[in-house]
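Spelled out from the first residue to the last, the chains are:
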Amino acid sequence: DGGITQSPKYLFRKEGQNVTLSCEQNLNHDAMYWYRQDPGQGLRLIYYSQIVNDFQKGDIAEGYSVSREKKESFPLTVTSAQKNPTAFYLCASTPRGGSDEQFFGPGTRLTVL
Amino acid sequence: AQSVTQPDIHITVSEGASLELRCNYSYGATPYLFWYVQSPGQGLQLLLKYFSGDTLVQGIKGFEAEFKRSQSSFNLRKPSVHWSDAAEYFCAVGSVEYGNKLVFGAGTILRVKS
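For the structure given in this document, a descriptive report is provided here. (Residues numbered from 1 in each chain as written. Chains lettered and ligands numbered in written order. Predicted model: local features only at pLDDT ≥ 70, side-chain atom pairs only at ≥ 80, totals over all residues. Heavy atoms only, no water.)

## Some details on the environment of Leu33(B)
Right, so step 1: With respect to the helices and strands, the residue Leu33(B) is situated in strand S5 (residues 32-38).
Right, so step 2: Look past the residues within four positions of Leu33(B) in its chain and what remains in contact with it is Tyr25(B), Leu48(B), Lys49(B), Tyr50(B), Phe67(B), Phe74(B), Ala92(B) and Val93(B). (Helix = DSSP H or I, 4+ residues; strand = E, 2+ residues; numbered from the N terminus. Contact = heavy atoms within 4.5 Å.)

Here it is in structure tokens:
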């Protein structure tokens, strides 16, 4: 079945550590997105990529980094510079990167201890 | 700046009652509009979308939404709510002018009482 997978489902990290969240899609979509979700704030865009080897900052990129070396993969690294990283992280993709429907993965809940 | 407002943080309805969730947007051009639903700890699922044409859009699970340009609104409706509809609902807006990004509202949590 085609879809988006995110791993792990739950992630714990100590303060000061970097951590990488995985996002893989087998939908052959060009564009991929990372969102952060906090209670009562909806989804906020962290980074997005419309094509391999290219990505742009979203509204809250500080303290995060991404790479897009393969079409199907868009990992997100939460660095120690992110002051409040505890949140639910969602990955999404669209076929062509326009204002199309976005398909979402199941999410990763990151907790900083 | 583009923005999306969902005025109701929580809504409680009785099973079998009708439902309307409000969404207002602020955009300078013709928007693309979406409603998504999220169960706790899960990803988002698309309910329906509006790009152009008929302003009354039918979606999955018996939901519909109406685009009203004059009111900058895209309210979600369902004539009879089922207990399984309890979830959080997000309105999202995009436009060509805003590039390849969507802006999401803060969400409305729907509770269904039996």
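## Focus on the interface of chain A and chain B
One frequent convention defines the size of an interface as the accessible area lost when the parts assemble.
Right, so step 1: Of the residues lining the interface, 23 residues belong to chain A; the matching set on chain B comes to 24 residues.
Right, so step 2: In this assembly, chain A packs against chain B so that about 1,700 Å² is buried in total across both faces, 52% of it on carbon and sulfur atoms.
Right, so step 3: Counting across the chain A and chain B interface gives 1 salt bridge.
Right, so step 4: A salt bridge links Glu101(A) to Lys49(B); the shortest N-O distance between them is 3.6 Å. (Buried area = accessible area lost by both parts, 1.4 Å probe. Salt bridge = Lys/Arg side-chain N within 4 Å of Asp/Glu carboxyl O.)

## What to know about the pairing of strand S3 (residues 19-25) of chain A
Residues and elements named next belong to chain A.
Right, so step 1: Burial of S3 is one-sided: the residues Val19, Leu21, Cys23 and Gln25 facing one way are buried, the residues Thr20, Ser22 and Glu24 facing the other way are not.
Right, so step 2: Looking at chain direction, strand S1 (residues 4-7) and S3 are connected through 4 bridges and run antiparallel. Bridged to Gln6 within S3 is Cys23.
Right, so step 3: Both S3 and strand S8 (residues 76-78) contribute to a ladder of 3 bridges, which runs antiparallel. Looking at S8, one finds that Leu21 is bridged to Leu76. (Buried < 20%, exposed > 50% of the residue type's maximum accessible area, 1.4 Å probe, protein only. Pairing = 2+ DSSP bridges.)

## Looking at the nonpolar core
Right, so step 1: Core analysis: the biggest nonpolar cluster contains 29 residues, and Leu19(B), Trp35(B), Leu47(B), Leu48(B), Phe74(B), Leu76(B) and Tyr89(B) have the highest contact counts within it.
Right, so step 2: Of all the secondary structure elements, the ones that give two or more residues to this core are strand S2 (10-14), strand S3 (19-21), S5, strand S6 (44-50), strand S8 (64-68), strand S9 (73-78), strand S10 (87-94) and strand S12 (108-113) of chain B.
Right, so step 3: The element contributing the most residues to this core is S10(B), with 4 residues.
Right, so step 4: Other than its neighbours up to four places away in sequence, Leu47(B) contacts Trp35(B), Tyr36(B), Val37(B), Gly59(B), Ile60(B), Lys61(B), Phe63(B), Leu76(B) and Tyr89(B).
Right, so step 5: With 20 residues, the next largest nonpolar core counts Ile4(A), Leu11(A), Tyr47(A) and Phe74(A) among its residues. (Core = buried A, V, L, I, M, F, W, Y, C linked by side-chain atoms within 4.5 Å.)

## Things to note about the state of the cysteines
Cysteine pairs can be covalently joined through their sulfur atoms, and such a bond is termed a disulfide.
Right, so step 1: The final tally for this structure, using the stated rule, is 2 disulfides over all chains.
Right, so step 2: Cys23(A) shares a disulfide with Cys91(A); S-S distance 1.9 Å. In this structure, the disulfide formed by Cys23(A) and Cys91(A) twists by about -75° around the S-S bond and is classed as left-handed. Separated by 68 residues along the polypeptide, Cys23(A) in strand S3 and Cys91(A) in strand S9 (residues 87-94) bring together distant segments of the chain.
Right, so step 3: We classify Cys23(A) as buried; its relative accessible area is 1%.
Right, so step 4: In this model, Cys23(B) is linked to Cys91(B) through a disulfide, with the two sulfur atoms separated by 2.0 Å. An S-S torsion of about -65° defines the bridge between Cys23(B) and Cys91(B) as left-handed. Note that Cys23(B) is positioned in the loop between S3 and strand S4 (24-26) and Cys91(B) in strand S10, a separation of 68 residues in sequence. Taken as a pair, Cys23(B) and Cys91(B) share a single burial class, namely buried. (Disulfide = S-S within 2.5 Å.)

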